[in-house]
Amino acid sequence: MATDIVAQLADSLAKTVVEEKELSYKGQGRKLDDAHSVEEIVKEIQDFDGLQALRLEGNTIGVEAAKTIAKALETKSEIKCCYWSDMFTGRLRSEIPAALISLGDSLMLAGARLTILDLSDNAFGPDGVKGIEKLLKSSACYTLQELRLNNCGMGVGGGKILAASLVECYEKSSKEGAPLSLKVFVAGRNRLENDGATALAQAFQMMGSLEEVHMPQNGINYPGITALAKAMQHNTGLRILNLNDNTFTEKGAVAMAQALKYLNSIQVINFGDCLVRPSGAVAIAESISEGQPILKELNLSFGEITEEAALEVARAIKDKSQLEKLDLNGNCLGVDGCKALIDSLESMNMAEVLGSLSDDDGEPDDDDDDDDDDEDDEEELEGSLLQQVSTPPSTRPPDVASFLSFPSPDKLLKLGDRRAMLIEEQVDVSDVTKTTEAFLKIASVYKEENSEVKAAVLDSIDNLLRKAFTSPSFQGYNFVSSLLVLLGLIKSEEKVKPVHVVPGHLQALEHVVRQDYFPQESVTVLQAFMSRMANTLDKIASTLMTIANTLKEINENVKKEECKKKNKRVKAVLGL
């Protein structure tokens, strides 16, 4: 026991030392245009002995500012971690490569050995990849363990450049006896498509060291998926595989099922919204039944899976004692199929792992004329599901992650009196999209007629959004844009799937716009937009109109207050 305590203390001290060697400007919203604007940062970098990590995310950095910061980094040979996401907001795309080249050159000149490079949420496109190409091929990246390039708009061309850079880095580092062993690769929302994915698959296969791969929303079809599946077979230590919202079809799903037979360390499989279809789901189920002993999450939602295939998946997880989440929502089970799935899982004492089935599309041959009846059936099914799932005694306490994955009023209430704080701690409010998604998930369980649930929802939302809007780096207009996209009211350049809008979303929003933390300029935008859209959404038109009227009322009251203030100032000047 004493040995364990000493070990824990040593680990805590080690982590403290690492934290002390980090210089952070995260989320400060600084506009850094030239050398003068970064004088303070440069001095702190120069004076920081043994600097290992530099956080610049959440600021906006121009070319001259980047060059000046780069000059200060030229002597920092111990730097390992570059957290440089969301660093070029408002900059011309043509500026970004030059800034990245300056920063990369400084790391190479310093003789740095990086372990983490995070450039996510920088919309730099293929040219931006060219800006880091030289760095990625250099000895500074021979030791790289995490490469995060989420939401960078790389496209097919950028994906190919990135892949070639990683291949060259691997080959060069191998010659020195320490081959590149990348563990975490993140490149969601980059439009890589088949050619980009296939090129990256070659690099993945060569390295064979990956533990996490996140490539959702990239427009990859079965040829690219098949190439990735082949590459994954060589990465036997893989723990997380997230290919959400690409298009497998049966061919890609069967190829990926074959790859899963080599991945017995995998804990999270996310093939949601991938159109795996029945035969693909059955193939995946067969592989899972034979391996994956420590599987924790399996997502096969929105894949056109039928009842028979879903039951095969259920049987495949029978002996997965560590499984926490099974998502089969949005498939083609029908009411009877959903009930059969629930019964099957209950018979194995695993009903608690099943997520909501509220978006089930019904059996494939359902007649479109029965849509209204289907909606009634779905409401009955949802009530039945909540009742049946809660029947078996659960040994797992409710947690925020479970609630945010599959929201329900019951889960929110079971989080207890500290729910608002627990949710706030779970959500990264520096990420506008994650904050918006969390808001909508909490709001989805709003019940006007249930005072306890209503209070829990509004308290949780207020706590989360107050923290977000009072954060210096949080941009309210981005929140509004993200909100309108996720509600399906405007189109996004990216492939973003809107949520299923329910009255709770809009009722909670009506509450939010009245709060002091919600910025006036955002109220104005929402008023203008929702007034136009209210008549086009029949099912929620009345609620939308209520919000529009509320927004109009707030705007009018603000204008009246502004007029009063102006009149007071005029009277004061005139001495009245």
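Read on for an overview of the structure.

About the thresholds
Residues numbered from 1 in each chain as written. Predicted model: local features only at pLDDT ≥ 70, side-chain atom pairs only at ≥ 80, totals over all residues. Heavy atoms only, no water. Core = buried A, V, L, I, M, F, W, Y, C linked by side-chain atoms within 4.5 Å. Buried < 20%, exposed > 50% of the residue type's maximum accessible area, 1.4 Å probe, protein only. Contact = heavy atoms within 4.5 Å. Phe/Tyr/Trp six-rings, centres within 6.5 Å; stacked < 30°, edge-to-face > 60°. Helix = DSSP H or I, 4+ residues; strand = E, 2+ residues; numbered from the N terminus. Lys NZ or Arg CZ within 6 Å of the ring centre and 35° of its normal. Axes fitted to C-alpha atoms, helices over the stretch in contact; angles between N-to-C directions. Parallel < 35°, antiparallel > 145°, perpendicular 65-115°, else oblique. Left-handed = near helix turned anticlockwise from the far one by under 90°. Nonpolar A, V, L, I, M, F, W, Y, C, P; charged D, E, K, R; others polar. Pairing = 2+ DSSP bridges. Salt bridge = Lys/Arg side-chain N within 4 Å of Asp/Glu carboxyl O. Polar contact = N/O pair within 3.5 Å; in protein donor to acceptor, adjacent residues only side chain to side chain.

## Remarks on the nonpolar core
1) Next: Core analysis: the biggest nonpolar cluster contains 118 residues, and Phe185 and Phe271 have the highest contact counts within it.
2) Next: Not counting residues within four places of it along the chain, the set of residues in contact with Phe185 comprises Leu147, Leu162, Leu166, Leu200, Phe204, Leu210, Glu212, Val213, His214 and Met215.

## Observations regarding the packing of aromatic side chains
Two aromatic rings are characterised by how far apart their centres lie and by the angle between their planes.
1) Next: Within this structure, the stated rule accounts for 6 aromatic pairs.
2) Next: Ring geometry for Phe248 and Phe271: centres 4.9 Å apart, planes at 55 degrees, overall tilted. On the criterion of sequence distance, the pair formed by Phe248 in the loop between strand 10 (240-242) and helix 9 (249-260) and Phe271 in the loop between strand 11 (268-270) and helix 10 (277-290) is long-range, its members being 23 residues apart. Phe271 shares its class with Phe248; the two are buried.
3) Next: Ring pairing ties together the aromatic residues Phe439, Phe469, Phe479, Tyr517 and Phe518, which thus form one cluster.
4) Next: Across from the ring centre of Tyr83, 3.8 Å away, lies the NZ or CZ of Arg55, which sits over that ring.

## Considering the environment of Gly280
1) Next: For Gly280, the location among the structural elements is in helix 10.
2) Next: Given a relative accessible area of 0%, Gly280 falls into the buried group.
3) Next: Sequence separation of Gly280 and Ala253 is 27 residues, and the distance between their C-alpha atoms is 4.7 Å.
4) Next: In contact with Gly280, not counting residues within four places along its chain, are Glu250 and Ala253.

## Regarding helix 8 (residues 222-232)
Along an α-helix, residues three or four apart share an orientation, since each turn contains 3.6 residues.
1) Next: Restricting attention to buried positions, one finds in helix 8 the residues Gly224, Ile225, Ala227, Leu228, Ala229, Ala231 and Met232.
2) Next: As for helix 8, its buried residues are in contact with helix 7 (193-207), strand 9 (212-214), strand 10 and helix 9.

## Considering the environment of Leu182
1) Next: With respect to the helices, strands and loops of the structure, Leu182 is situated in the loop between helix 6 (155-175) and strand 8 (184-186).
2) Next: Measuring from C-alpha to C-alpha, the distance between Leu182 and Leu147 comes to 7.6 Å, with 35 residues separating the pair along the chain.
3) Next: Excluding residues within four positions of it along the chain, Leu182 makes contact with Leu144, Gln145, Glu146, Leu147, Met207, Ser209 and Leu210.

## Some remarks on the packing of helix 16 (residues 419-426) against helix 18 (residues 451-469)
1) Next: Following both chains from N to C, one finds helix 16 and helix 18 inclined at 40 degrees, their axes separated by 9 Å at the closest point. In terms of orientation, helix 16 and helix 18 fall into the oblique class. Relative to helix 18, helix 16 is oriented so that their crossing is right-handed. Packed against helix 16, whose contacting residues are Arg419, Ala420, Met421, Ile423 and Glu424, the element helix 18 presents Ala456, Asp459, Ser460, Asn463, Leu464 and Lys467 at the interface.
2) Next: Among the residues forming the contact of helix 16 with helix 18, the class breakdown is 5 nonpolar, 2 polar and 4 charged.

## Details of the sheet that holds strand 9
1) Next: Strand order in the open sheet formed by 11 strands is 1-3-5-6-7-8-9-10-11-12-13, and the pairing between neighbours is parallel. What marks the edges here is a single partner per strand, and that holds for strand 1 (22-24) and strand 13 (325-327). Strand-to-strand twist of the sheet, defined as the mean angle between neighbouring strand axes without regard to direction, takes the value 5 degrees.
2) Next: Pairing of strand 3 (residues 53-55) with strand 5 (residues 81-83), which is carried by 3 bridges, proceeds in the parallel orientation. Bridge assignment links Ala53 to a residue of strand 5, and that residue is Cys81.

## Describing unusual backbone geometry
1) Next: One non-glycine residue, Glu193, lies in the positive phi region at around 55 degrees.
2) Next: Summarising the element assignment, Glu193 is placed in helix 7.
3) Next: Take Glu193: its relative accessible area is 41%, and that puts it in the partly exposed class.
4) Next: Phi is positive for Phe302, close to 50 degrees, though the residue is something other than glycine.
5) Next: Relative to the assigned elements, Phe302 resides in the loop between strand 12 (297-299) and helix 11 (307-316).
6) Next: The exposure class of Phe302 is partly exposed, given its relative accessible area of 27%.

## A short note on the pattern of salt bridges
1) Next: Tallied over the entire structure, the rule returns 24 salt bridges.
2) Next: A salt bridge links Glu424 to Lys467; the nearest nitrogen and oxygen atoms lie 3.5 Å apart. With Glu424 in helix 16 and Lys467 in helix 18, this pair connects stretches of sequence that are 43 residues apart.
3) Next: Each of Glu133, Lys137, Glu168 and Lys172 takes part in one network of salt bridges that share partners.

## Brief notes about the side chain of Asn329
1) Next: As for its position among the elements, Asn329 is in the loop between strand 13 and helix 12 (334-347).
2) Next: Overall, the relative accessible area of 9% leaves Asn329 in the buried class.
3) Next: Reaching out from Asn329, the side chain makes a polar contact with the backbone nitrogen of Asp359 at a distance of 2.9 Å.
4) Next: Those residues in contact with Asn329 that sit more than four places away from it in its chain are Ser301, Phe302, Ser356, Leu357, Ser358, Asp359 and Asp360.

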